[in-house]
Amino acid sequence: MKPFLLPDGREIEGTGRHITLRATCSTFGRDDKIVTHREYFDQLELYSQLGFGLTKIEQG
């Protein structure tokens, strides 16, 4: 399992827990080539499912 990168640059080990996220993506092309590709998801939903919520993560 790969570590999960937190917004402050720290890494936590994988938990093995499954998560479900609602997400969407947007791709813009020009001349048969992809110019931009963006993915959007709710980060709070992700962190809440991993057990973090809005509380500060203590180093340990």
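All figures in this text were calculated on a predicted structure; none of them were measured in a lab.

S.K.: Residues and numbers for the overall build of the chain, please.
M.R.: Secondary structure summary: the chain contains 1 helix and 4 strands in total. Put simply, the chain has 60 residues, and 10% of those count as buried. Contacts in the chain between residues far apart in sequence, at least 24 positions, make up 37% of those at least 6 positions apart. Of the roughly 5,600 Å² of accessible surface on the chain, a fraction of 52% belongs to carbon and sulfur atoms.

S.K.: Give me the pairing of strand β3 (residues 23-30): which residues, what numbers.
M.R.: Pairing between β3 and strand β4 (residues 33-41): 8 bridges, direction antiparallel. By the bridge assignment, Thr27 is partnered in β4 with His37.

S.K.: Any details on the pattern of salt bridges? Residues and values, ideally.
M.R.: Pairing between side chains of opposite charge can happen when the charged atoms of each approach one another. Taken as a whole, this structure holds 2 salt bridges when the rule is applied. Asp8 is the salt-bridge partner of Arg10, the closest N and O atoms lying 2.7 Å from each other. Its relative accessible area of 25% is what places Arg10 among the partly exposed residues. As a salt-bridge pair, Arg22 and Glu45 come within 3.5 Å of each other at their nearest N and O atoms. Here the residue Arg22 occupies a position in the loop between β2 (11-12) and β3, and Glu45 occupies one in helix α1 (residues 43-49), the gap between them amounting to 23 residues.

S.K.: Provide a residue-level description of unusual backbone geometry, including the pertinent values.
M.R.: At Asp31, a residue that is not glycine, the phi angle is positive and equals roughly 55°. In this structure, Asp31 sits in the loop between β3 and β4. Here the phi dihedral of Asp32 falls at roughly 60°; this positive angle occurs in a residue that is not glycine. Inspection of the secondary structure puts Asp32 in the loop between β3 and β4.

Criteria and cut-off values
Every chain is numbered on its own, with residues counted from 1 as its sequence reads. Two thresholds apply to this predicted model, a pLDDT of at least 70 for residue-level local features and 80 or more for giving and counting side-chain atom pairs, whereas whole-chain, interface and lining totals are computed over all residues. Think of the side-chain values as coming from all heavy atoms in the structure, minus any hydrogens and water. Note on conventions: DSSP H or I runs of at least 4 residues are helices, E runs of at least 2 residues are strands, and numbering of each starts at the N terminus. Working definition: with a 1.4 Å probe on protein chains only, accessible area under 20% of the residue-type maximum means buried, over 50% means exposed, and in between means partly exposed. We call two residues in contact whenever any of their non-hydrogen atoms come within 4.5 Å of each other. Areas reported here follow the Shrake-Rupley algorithm with a probe of radius 1.4 Å; residue values treat only the protein chains shown as occluding. Here a strand pair is declared whenever DSSP counts at least two bridges between the two strands. We define a salt bridge as a contact between a side-chain nitrogen of Lys or Arg and a carboxyl oxygen of Asp or Glu at a distance within 4 Å.

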